[in-house]
Amino acid sequence: MNIHHLELFYYVAKHGGIAAAVRKMPYGIQQPAVSGQIARLEEALGAKLFNRRPFSLLPAGVELFEFIKPFFDNVEKVAGRIRGASQQLRIAAPSIVLHDYVPELLRRVRRRFPILRLQLHEAARADAERLLQAGEVDLAITVIDSKRRPEIHSRALIELPLILLASKKHNLTIAKQLWSRDKIEETLITFPRGDAVQTHFQRGLERFGVEWFPGIEVNSTRLIEHYVANGYGIGATVATPGFKPPPGVRVISLPSFPPVVVGAAWAEKLSPIAQQFLSEVEIEASAVKRSTKSR
């Protein structure tokens, strides 16, 4: 008997059907795949476990669910206690955060926890939430907004202003030059549809009655900078603390656009190491805010 098949059946029985289970599982899997693997489980047991429409557990399904439920209910709790006692820290964050900010934060954490096993995951918001739900990371630095899943805790840390990036060869110096046109011909380079940066940028455009949709979608600020510098269009991104554009690229501010809020997110009780890392992140965010206000 395959334990993964048992896990899938646990979620189906717990949530009352295959479709509901797929929506609430802590990792991505398609409905046909679940149906096929449940069928294999029933074949291995030689018994039908539940009626599909409407959903109802059959006697064999009730017996199996009652047997496996205590294990799957508690496996993540046990794993969390074990992780909490270990010198391990697992972080998910965008590449720019992992590259530019996390190394210094980890140096501070190591003063208190010198023996530290580290796992870093490059992840945008959707991937970060999936990793948190699956118990694969302890903490994520990510965009915080109202679409956050209720089981994920979060703490806002800093607001990042939206900006445009344009080649210095372009005559664009202020955003109003674009908004006054009947149609913007330049290619917009930004993050994919559904990403918080693009969502906030489109909200800002709506205030001016402007339609301008991406012609090039990328998954990092560095790629936006690269394609702008090479003349492929105008980029929409956020200004991270201390941001300096690459040579040949001009920053155009967007003061009327809503900022993107970045913060820390977690799904389970934080271990002492994760709590220390969160404290260091909060200290750094407060320092950045003070520095920004003093300019």
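The present account deals with the structure reproduced in this document. Here the structure is a predicted model, which is why all the values come from computation and not from measurement.

## Brief notes about the sheet that holds strand β4 (residues 117-122)
And step 1. Judged by pairing direction, the sheet is mixed, and its five strands sit side by side in the order β4-β3-β5-β12-β6 without closing on themselves. Two strands bound the open sheet, and with one partner strand each, they are β4 and β6 (153-160). Taking the axes of each pair of neighbouring strands and ignoring which way they run, one obtains an average angle of 20 degrees across the sheet.
And step 2. Of the strand pairs in this sheet, strand β5 (residues 139-143) and strand β12 (residues 260-266) are connected by four bridges, and their pairing is antiparallel. Across the sheet, the residue bridging to A140 is A265, located in β12.

## Digging into the layout of surface pockets
And step 1. Taken as a whole, the largest pocket encloses approximately 910 Å³ of empty space.
And step 2. What lines the largest pocket is a set of 39 residues, among which P94, I96, V97, I141 and V262 lie closest to the centre.
And step 3. Of all the secondary structure elements, the ones that give two or more residues to the lining of the largest pocket are α5 (95-100), α6 (102-112), α7 (125-133), β5, β6, α9 (196-207), β12 and α11 (272-294).
And step 4. Broken down by class, the residue content of the lining of the largest pocket amounts to 26 nonpolar, seven polar and six charged.

## Looking at the sheet that holds strand β9 (residues 214-217)
And step 1. Spatially, the five strands line up as an open sheet ordered β9-β8-β10-β7-β11, and their pairing is mixed. Two strands lie at the open edges of the sheet, namely β9 and β11 (249-253), each paired on one side alone. Strand-to-strand twist of the sheet, defined as the mean angle between neighbouring strand axes without regard to direction, takes the value 30 degrees.
And step 2. One ladder, built from four bridges, connects strand β7 (residues 162-167) with strand β10 (residues 234-238); its direction is antiparallel. Looking at β10, one finds that L162 is bridged to V238.
And step 3. Where helix α10 (residues 221-229) meets the sheet, it contacts β7, β8 (188-190), β10 and β11, and its direction lies at approximately 155 degrees from that of β10.

## Notes on the packing of aromatic side chains
And step 1. The final tally for this structure, using the stated rule, is 12 aromatic pairs.
And step 2. Among the aromatic side chains, those forming a connected cluster through ring pairs are Y10, Y11, F65, F71 and F72.
And step 3. The side chain of R52 reaches across the aromatic face of F50, ending 4.2 Å from its centre.

Definitions and cut-offs
- Residues numbered from 1 in each chain as written.
- Predicted model: local features only at pLDDT ≥ 70, side-chain atom pairs only at ≥ 80, totals over all residues.
- Heavy atoms only, no water.
- Pairing = 2+ DSSP bridges.
- Helix = DSSP H or I, 4+ residues; strand = E, 2+ residues; numbered from the N terminus.
- Axes fitted to C-alpha atoms, helices over the stretch in contact; angles between N-to-C directions.
- 1 Å grid on protein atoms, 1.4 Å probe; cavity = no way out; pocket = protein on both sides within 12 Å on 5 of 7 lines; lining within 4 Å.
- Points joined across faces, edges and corners; volume = space filled by probe spheres on them.
- Nonpolar A, V, L, I, M, F, W, Y, C, P; charged D, E, K, R; others polar.
- Contact = heavy atoms within 4.5 Å.
- Phe/Tyr/Trp six-rings, centres within 6.5 Å; stacked < 30°, edge-to-face > 60°.
- Lys NZ or Arg CZ within 6 Å of the ring centre and 35° of its normal.

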